[in-house]
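The residues making up each chain are set out below.
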Amino acid sequence: MYSLRFSLKTQKILIVLALTALIWIVFGQTARFDWVRYDDHDYVYRSGRVTSGFSFSNIAWAFTHFHAANWHPITTLSHMLDCQLFGVKPGVHHFTSVVIHTLAAIVLFFALDSLTGKTWRSAFVTAVFAIHPLRAESVAWIAERKDVLSGLFFALTLLAWSSYAGRKSVARYLIALFAAALGTLSKPMLVTIPFVLLLIDYWPLNRFQKEKMISLLLEKIPFALFAAASAVATVLAQHGQIDTFGFSLPLRFENAIVSYAIYLRQLIWPVDLAVLYPYPEKFFPFLTIAGCAALLIALSAIAIIYRKQFPFLFTGWFWFVGMLVPVIGIVQVGRQAHADRYTYLPLIGITIAIVWLVAELTARWRFRKQIGVLACAIVIITLSACAYHQAAFWRNPDSLWPHTLAVTTNNDGAHLAFATSLFAEGKTEEAIAHARAAAEIRPANAGVYGEVPVGLEGKPLDEAILFWSARVENEPNNIGAHNTFGVLLVQKHQTRAAIEQWETALGLNPKDGNAQSNLAWVFATAPDASLRNGTRAVDLAERALKLAGGVSPILHRTLAAAYAETGRFDDAIATAERGYAFAEREGNRELADEFAAVLARYRQHQPFRDASLELHED
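My aim in this report is to walk through the structure given alongside it, one point at a time. No experiment lies behind these values; they were computed from the predicted model shown. (Residues numbered from 1 in each chain as written. Predicted model: local features only at pLDDT ≥ 70, side-chain atom pairs only at ≥ 80, totals over all residues. Heavy atoms only, no water.)

1. Here we look at the overall build of the protein chain
The criterion, for reference: Counting from the N terminus, the helices are DSSP H or I runs at least four residues long and the strands are E runs at least two residues long. C-alpha atoms define the radius of gyration in this analysis, and the globule rule sets the expected value at 2.2 Å times the number of residues to the power 0.38. Relative accessibility under 20% of the residue-type maximum defines a buried residue, over 50% an exposed one, and the middle range a partly exposed one, all with a 1.4 Å probe and only protein chains included. Only heavy atoms enter the contact rule, under which two residues are in contact if any of them lie within 4.5 Å. Surface accessibility follows the Shrake-Rupley procedure with a 1.4 Å probe radius. Residue values consider only the protein chains on display as shielding. His is not counted, nor are the chain ends, whereas Lys and Arg count as positive and Asp and Glu as negative. Taken as the charge location is NZ of Lys, CZ of Arg, CG of Asp or CD of Glu.
Secondary structure summary: the protein chain contains 29 helices and zero strands in total. Relative to the globule expectation of 25 Å for 618 residues, the C-alpha radius of gyration of the protein chain, 26 Å, shows essentially globular dimensions. Judged by the C-alpha coordinates and their principal axes, the protein chain covers about 85 × 55 × 45 Å. A burial count over the protein chain gives 54% of its 618 residues as buried. Here the contacts in the protein chain between residues at least 6 apart in sequence split such that 72% fall between residues at least 24 apart. Surface exposure of the protein chain reaches about 26600 Å², of which carbon and sulfur atoms provide 64%. Charged side chains of the protein chain number 53 positive and 49 negative; the gap between the two group centres comes to 16 Å.

2. Things to note about the packing of helix H9 (residues 145-166) against helix H11 (residues 193-202)
Where we set the bar: The axes are straight lines fitted to the C-alpha atoms, using for helices just the contacting stretch, and the angles between their N-to-C directions are given from 0 to 180°. Should an angle lie under 35 degrees it is considered roughly parallel, over 145 roughly antiparallel, and from 65 to 115 roughly perpendicular; all remaining angles are considered oblique. Should the near helix be turned anticlockwise from the far one by less than a right angle, the crossing is left-handed, and should it be turned clockwise, the crossing is right-handed. Following the grouping adopted for this structure description, the nonpolar residues are Ala, Val, Leu, Ile, Met, Phe, Trp, Tyr, Cys and Pro, the charged ones are Asp, Glu, Lys and Arg, and the polar ones are all others, Gly among them.
It is at 11 Å that the axes of H9 and H11 come closest, and there the two elements cross at 40°. It follows that H9 is oblique to H11 by the angle criterion. Two packed elements cross with a definite hand, and for H9 against H11 that hand is right-handed. Here Phe-154, Thr-157, Leu-158 and Trp-161 of H9 come into contact with H11, specifically with Ile-193, Val-196, Leu-197, Ile-200 and Asp-201. Taken together, the residues that form the contact of H9 with H11 break down as seven nonpolar, one polar and one charged.

3. Examining the side chain of Arg-121
Among the secondary structure elements, Arg-121 is positioned in helix H7 (residues 119-131). Those residues within four positions of Arg-121 in sequence are excluded, and the remaining contacts are Val-355, Trp-356, Ala-359, Glu-360 and Arg-368.

4. Remarks on the nonpolar core
Put simply, the test is: Throughout this description, the term nonpolar core refers to a set of buried Ala, Val, Leu, Ile, Met, Phe, Trp, Tyr and Cys residues connected via side-chain atoms within 4.5 Å.
Formed by 123 residues in total, the largest nonpolar core has its most connected members in Phe-154, Leu-158, Trp-161, Phe-223, Trp-319, Phe-320 and Trp-394. Looking at which element gives the most residues to this core, the answer is helix H6 (residues 90-116), with 11 residues. For Trp-161, the residues in contact, after removing those within four places along its chain, are Tyr-173, Ala-176, Leu-197, Ile-200, Asp-201, Leu-205, Arg-207, Glu-219, Lys-220 and Phe-223. Counting 50 residues, the second-largest nonpolar core is a separate cluster that includes Phe-485, Trp-521, Ala-526 and Ala-541.

5. Focus on the packing of aromatic side chains
Rules: Centres within 6.5 Å make a pair out of two Phe, Tyr or Trp rings, where for Trp the six-membered ring is used; the pair is then stacked when the planes are under 30 degrees apart, edge-to-face when over 60, and tilted otherwise.
Using the criterion set out here, one finds 22 aromatic pairs in the structure. A ring pair is formed by Tyr-173 and Phe-223, whose centres lie 5.7 Å apart and whose planes are at 80°; its orientation type is edge-to-face. With Tyr-173 in helix H10 (residues 170-184) and Phe-223 in helix H13 (residues 221-238), the pair connects residues that are 50 residues apart, well separated along the chain. Residue Phe-223 is classed as buried on the basis of its relative accessible area of 3%. Here Phe-310 and Phe-312 contribute two aromatic rings whose centre-to-centre distance is 5.5 Å and whose plane-to-plane angle is 45°, an arrangement assigned as tilted. Accessibility assignment for this pair places Phe-310 and Phe-312 in one class, buried.

6. Observations concerning the packing of helix H5 (residues 73-86) against H9
One can describe the packing of H5 onto H9 by two numbers: an axis separation of 9 Å at closest approach and a directional angle of 110°. With respect to H9, the element H5 is oriented roughly perpendicular. Here H5 runs over H9; the crossing is right-handed. Contacts from Ile-74, Thr-75, Ser-78, His-79 and Asp-82 of H5 reach H9 at Arg-145, Lys-146, Leu-149 and Phe-153. Across the contact of H5 with H9, the residue classes break down as three nonpolar, three polar and three charged.

7. Some points on the pattern of salt bridges
To be explicit about the condition: Salt bridges are identified by distance alone: a Lys or Arg side-chain nitrogen within 4 Å of an Asp or Glu carboxyl oxygen.
What the rule picks out here adds up to 23 salt bridges. Salt-bridge contacts for Glu-503 lead to Arg-536; the nearest nitrogen and oxygen are separated by 2.6 Å. One end of the pair, Glu-503, is in helix H24 (residues 495-508); the other, Arg-536, is in helix H26 (residues 534-547), and 33 residues separate them in sequence. The class for Glu-503 is partly exposed, based on a relative accessible area of 29%. One salt-bridge network, held together by shared partners, links Glu-137, Glu-144, Lys-146, Asp-147, Lys-187 and Arg-341.

8. Overview of H24
Counted only if it meets this: How far a helix is expected to stretch is found by multiplying one less than its residue total by 1.5 Å. Taken from the helix axis, the directions to the C-beta atoms give the arc we talk about.
Over its 14 residues, H24 runs 20 Å from end to end, which matches the ideal 20 Å to within 8%, given 1.5 Å per residue. Taken residue by residue, H24 has Thr-495, Ala-498, Ile-499, Gln-501, Trp-502, Ala-505 and Leu-506 as its buried positions. Considered in projection along H24, the buried side chains sweep an arc of 160° and stay on one side of the axis. Facing away from the buried side of H24 by over 90 degrees, the exposed positions are Glu-500 and Gly-507.

Geometric descriptors of this kind do not, in isolation, establish any biological role.
Structure below.
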């Protein structure tokens, strides 16, 4: 093997250079990419706190408030830093994510090498981690900065833990604990770190044979406390989105079993990857569930039975299984059945198990090194080519969503996301077509998420109203259900009933921005004078805009209408002009045109009236 001509230090330097080159060949293209708009606005360009950069109040806010339905202050601060240094430019944000992913891969290599003493095996595992097509979502999606950032701190935790296990000291322990805490504050999925450290203690550190179990467990208590605090914060942040679509517990268990098998298949055969995989509408066929369950049981049994002969199987397999537990969907958040981003760290474990097993089983082969080098080169080149191709779909929404719809079926979520993006680009007719396609797939839930102003009609609307009417009756404290039900009632022209739903939502949470903005719009623009209340509209709209960081063009439109309703036309004009500028910055041509139209009215001292709020009570 040619590498043997070099010293071990030189080999490691060459490995680091090769890893860096691979990553930038595959993902460097993203520095030219645009926003995909899917969650990007919540994480960055519509968050006034983030776009205004570093300040004492913004830093304090990152640690004391939820951001994009999560509590990940380190991730929020990283976005703020980008905006502080480079502004709201997508290419720079992509560039930063690639830099962080590169650092994560380099640190992971040194961590695995330190833990196992196997330099070239560690290098290959790291290469697979770095350029596997499943990484495209984590690296090329700006909203997934939390993935690469948590990956960097996870790798630093492993490296620090290896140092601590080799030579115990308080300083080394605290460094590992600090790295783990930063990782958990970057993405809550890292609540599994205590479990992973125990697995590493078993192999490759072999501490179970040298130390008492109780001492190993006590070491993990501070890590577990950080994990518990993060878990509680995450539940509080996501309480409105947990099990949003009412998927039954048996279906969620079935989907979890199948998802484990899908992740294994994607590791070996990463085709038809998508940003959003639709949740199954019904139970899986018996043979599918039985086959997936049998596979998981068999692999778990093998890992346990051969744990003494091949301890890396035990650590690698349960690393994979355990790290996926928080996101496997037993507690469902969102509409995805599974997600590529969830594999960012878990698949490291199963890759370790495979690489070490192949190395051990081929130890006595003739020409083993030559065959190994050739096989590794083929795998890495193939994965790199596939990852480059997959990353290219993240160039912009117009490439991402058509691909997603092409490789999935009955994907109402993808239709809605694409509709929102098309609407922002001013392609209204195409946006409405995709929004209606979503409504046809899932009448009860589609058509009321996203920003496309398309109403349901006839049977789809009636079905949606029945669904959400039952939902608010069964879950009277579900703020999201009240807000959604109100939107549907407006489409049925039952505006008074809609107001009741939004008032209920506001009563449950006086800081709910959706209820504030919906009520403000009705109170400012309803054609029926008995519904209008300009003073309250101003108060609600100002609070909603402040809550959103002051940069939302939609809320500027609402506040401008509220000012006009109270006769404050100078304020209405100034607010609408700011909203126009924000809409232009986001590329929302449709909304910018709306601002131009209402500005003409406000300059003539005419308030705005929304004809869709006409009353047809029944």
